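Per-entry structural report
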Amino acid sequence: MLYWLTALSDGGDFFNLFRYITFRAGGAFLTALLFGFLFGRPLINVLRKRQGKGQPIRDDGPEGHLSKAGTPTMGGLLIVGALVTATALWARLDNPFVWLVLFVTLAFAAIGFADDYAKVSKQNTKGVPGKLRLALGILIAVVAALWAAWNHPAELQNQLALPVFKDTLINLGVFYVPFSVIVIVGSANAVNLTDGLDGLAIMPVMIAATTLGIIAYAVGRTDFTEYLDVHYVPGTGEILIFTAALFGGGLGFLWYNAPPAAVFMGDTGSLALGGALGAIAVATKHELVLAVVGGLFVVEALSVIIQVLYFKRTGRRVFLMAPIHHHYEKKGWAEPTIVIRFWIISLILAMIGLATLKVR
């Protein structure tokens, strides 16, 4: 919205700054951070008052989690509210990729909100039926995949770009939409599975989003794409503003989610943020890079899949408990130790993901 202030510029004054994505990204970050600090405590107070007993705690979970009973959930509203407000203020609202990512974020946030509300109101851990959640997620992802393909350059439509090898494209044809659906829905649910310890999910999401934001900025500029040897996708640079807002909003939320958490993000936040990461990857043609920078989420999801399949086949478990962060809890690791070590892993994976940009 503030981009339109450039109409007041003569080319050499303050208003000219609003032409620059980097300047507006900084503004989005500060706006989202301020939003989090201003509305965090009031939101937590409202959630605690309305939810009463807070988020239900699984009886079969780690024993240490029973002490978290009464902690309110739906804290994802703070993150989503911050990043949507900041993006609307600082991004170009005539950019289709901005609206694509906002659509996916808000749509998955709505699914997560319904799930959190069902859990809190009924005081059980079931929430919205899994099949319904999956069906709605697939529908959202289909719309997003078609939206992205429509706005990609003709030479990139329905193509899968490989990291490092710029000249290699795989034409997925009719399988492009199903592939994109897997990326978006898989990302949303993988982040959701990771959100099991105080502060565990939000920092890796912020790291992955920042990495993808840098990539989005790079692939949206012809000079950068030529130097870095990656595919040019015009318009994706504006996504940097969204990811900057996510980082600011995430920090604001982490202020209250740091152990011991005053609020949980809930499915409202985890599904929304995971869906956003998937949508950015699809928009920028870096779906495979997401599997690297979001490798922690991939491992968390795989641990659940492996556990379920192996148990059904043999009646035994591979991990003491899945997702894998609970496995380490059962092994006696302290919660802060798990969280910080997983943050470190996420940062390492982000650096590896960024390294795919430079191949010459």
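So, how was this worked out
- All residue numbers refer to position in the chain's written sequence, counted from 1.
- Whole-chain, interface and lining totals are the exception, using all residues; otherwise, since this is a predicted model, local features are given only for residues with pLDDT of at least 70 and side-chain atom pairs are given and counted only at 80 or more.
- To obtain the side-chain values, all non-hydrogen atoms of the structure were included, while hydrogens and water were left out.
- The helix and strand labels rest on DSSP assignments: H or I over at least four residues marks a helix, E over at least two residues marks a strand, and numbering proceeds from the N terminus.
- For this measure, only C-alpha atoms enter the radius of gyration; the expected value for a globule follows 2.2 Å times N^0.38, where N is the number of residues.
- Type-normalised accessible area, obtained with a 1.4 Å probe on protein chains alone, sets the label of each residue: buried when under 20%, exposed when over 50%, and partly exposed for intermediate values.
- Positive charges come from Lys and Arg, negative ones from Asp and Glu, while His and the chain ends are left out of the count.
- Charge coordinates come from a single atom per side chain, which is NZ of Lys, CZ of Arg, CG of Asp or CD of Glu.
- With a 1 Å grid laid over protein atoms only, a set of points is called a cavity when a 1.4 Å probe fits there but cannot get out and a pocket when it is open yet has protein on both sides within 12 Å along at least five of seven lines; lining residues have an atom within 4 Å of a point.
- Grid points are joined across faces, edges and corners, and a volume is the space filled by probe spheres set on the points.
- Residues are treated as being in contact if the distance between any of their heavy atoms lies within 4.5 Å.
- Salt bridge, as used here: a side-chain nitrogen of Lys or Arg that lies within 4 Å of a carboxyl oxygen of Asp or Glu.
- In this analysis, the expected span of each helix is defined as 1.5 Å times one less than the number of residues it contains.
- Side-chain atoms alone can form a polar contact between residues adjacent in sequence; in general such a contact is a pair of N or O atoms within 3.5 Å, and within protein one must be able to donate a hydrogen while the other accepts it.
- Stacked, tilted and edge-to-face are the three classes assigned to paired rings of Phe, Tyr and Trp, where Trp is represented by its six-membered ring and a pair needs centres within 6.5 Å; plane angles under 30 degrees give stacked, over 60 edge-to-face, the rest tilted.
- For a ring to carry a charge above it, either NZ of a lysine or CZ of an arginine must fall within 6 Å of the ring centroid while also lying within 35 degrees of the normal to the ring plane.
- To define axes, lines are fitted to C-alpha atoms, for helices over the stretch in contact only, and angles between the resulting N-to-C directions are given on a 0 to 180 degree scale.
- Here the angle decides the label: under 35 degrees means roughly parallel, over 145 means roughly antiparallel, 65 to 115 means roughly perpendicular, and every other value means oblique.
- Each crossing gets its handedness from the near helix: less than a right angle anticlockwise from the far helix is left-handed, clockwise is right-handed.
- Basically, the charged four are Asp, Glu, Lys and Arg, the nonpolar ten are Ala, Val, Leu, Ile, Met, Phe, Trp, Tyr, Cys and Pro, and anything else, Gly included, counts as polar.

**Thoughts on the overall build of the protein**
On a plain count of helices and strands, the protein comes out with 13 helices and two strands. Relative to its length of 360 residues, the protein is compact, with a C-alpha radius of gyration of 20 Å against a globular reference of 21 Å. Each principal axis of the C-alpha atoms in the protein carries an extent, and together these give about 60 × 45 × 35 Å. Across the 360 residues of the protein, 53% fall into the buried class. A gap of 9 Å separates the mean positions of the 27 positive and 21 negative side-chain charges of the protein.

**Concerning the layout of surface pockets**
Of the voids in this model, the second largest pocket is the one considered here, and its volume is about 170 Å³. Lining the second largest pocket are Ile21, Arg92, Asp94, Asn95, Pro96, Tyr217, Gly220, Arg221, Gly235, Gly237 and Glu238.

**Considerations on the side chain of Arg133**
With respect to the helices, strands and loops of the structure, Arg133 is situated in helix α4 (residues 130-151). The exposure class assigned to Arg133 is buried, which follows from its relative accessible area of 16%. In this structure, Arg133 is in contact with Ile111, Asp115, Val128, Asn189, Asn192, Asp267 and Leu271, ignoring residues within four places of it in sequence.

**Comments concerning the pattern of salt bridges**
Per the counting criterion, the structure on display carries seven salt bridges. One salt bridge connects Asp115 with Arg133, and the closest N-O pair in it is separated by 3.0 Å. Of the two residues, Asp115 is situated in helix α3 (residues 96-122) and Arg133 in helix α4; the sequence distance between them amounts to 18 residues. Across this residue pair, the class does not change: Asp115 and Arg133 are buried. For Asp267, the salt bridge goes to Arg133, with nearest N and O atoms at 3.0 Å. Of this pair, Asp267 sits in helix α9 (residues 266-284) while Arg133 sits in helix α4; the two residues are 134 residues apart in sequence, bridging distant segments of the chain. Exposure class is identical for Asp267 and Arg133. Each is buried. Put simply, Asp115, Lys119, Arg133 and Asp267 are held in one network by salt bridges that share partners.

**Here's the deal with α9**
Across its 19 residues, α9 extends 28 Å between first and last C-alpha, which sits within 8% of the 27 Å expected from 1.5 Å per residue. At the C-terminal side of α9, Lys285 shows a positive phi close to 65°.

**Let's talk about the environment of Asn16**
Relative to the helices and strands, Asn16 is located in the segment before α1 (21-51). Only 2.6 Å separates the side chain of Asn16 from the side chain of Arg19, close enough to count as a polar contact.

**Concerning empty space enclosed by the protein**
Evaluated as defined, the whole model comprises one cavity of 30 Å³ or more. Its boundaries defined by the atoms lining it, the largest cavity holds a volume of some 150 Å³. For the largest cavity, the lining is made up of 15 residues, of which Leu162, Pro163, Val164, Val230 and His286 are closest to its centre.

**Points about the packing of aromatic side chains**
Between two aromatic rings, the relevant description is the distance of the centres plus the angle of the planes. Taken as a whole, this structure holds eleven aromatic pairs when the rule is applied. Considering the side-chain rings of Phe23 and Trp90, the 6.2 Å spacing of their centres and the 75° angle between planes classify their relative orientation as edge-to-face. Of this pair, Phe23 sits in helix α1 while Trp90 sits in helix α2 (residues 76-90); the two residues are 67 residues apart in sequence, bridging distant segments of the chain. Under the relative-accessibility criterion, Phe23 is labelled partly exposed at 29%. Taking the relative accessible area as the measure of exposure, Trp90 reaches 12% and is therefore buried. Residues Phe37 and Trp255 carry aromatic rings whose centres are separated by 5.5 Å and whose planes lie at 75° to one another, so their mutual orientation is edge-to-face. Here Phe37, found in helix α1, pairs with Trp255, found in helix α8 (residues 239-257); they are 218 residues apart in sequence, far enough to count as distant. For Trp255, a relative accessible area of 61% puts it in the exposed group. Chaining the aromatic ring pairs together yields one cluster made of Phe18, Phe23 and Trp90. One Lys or Arg, Arg221, reaches over the ring of Phe224 and ends 4.4 Å from the middle of that ring. Directly above the aromatic system of Trp333 lies the positively charged group of Arg341, at a separation of 4.8 Å from the ring centroid.

**Concerning the environment of Arg24**
Among the secondary structure elements, Arg24 is positioned in helix α1. Considering only alpha carbons, one finds Arg24 and Ala86, 62 residues apart in sequence, at a separation of 9.7 Å.

**Structural notes on α8**
Relative to the 27 Å expected for 19 residues at 1.5 Å per residue, α8 spans 26 Å between its end C-alpha atoms, a close match to the ideal helical length. In terms of residue burial, α8 counts as a mostly covered element, since 16 of its 19 residues are buried.

**A closer look at the packing of α3 against α9**
If you want to describe how two helices pack, look at the angle between their axes and the distance between the axes. Where α3 contacts α9, the two axes come as close as 7 Å, and the packing angle between them is 155°. Viewed along their axes, α3 and α9 adopt a mutual orientation that is roughly antiparallel. The way α3 lies across α9 gives a crossing that is right-handed. Residues of the contact of α3 with α9, tallied by class, amount to 14 nonpolar, five polar and four charged.

**Side note on the side chain of Glu300**
Looking at the element boundaries, Glu300 is found in helix α11 (residues 295-314). The exposure class of Glu300 is buried, given its relative accessible area of 0%. At 2.9 Å, the side chain of Glu300 forms a polar contact with the side chain of His325. The residues contacting Glu300, other than those within four sequence positions of it, are Thr194, Leu200, Pro323, Ile324, His325 and Phe342.

Everything listed here is a matter of coordinates, which is why it stays silent on function.
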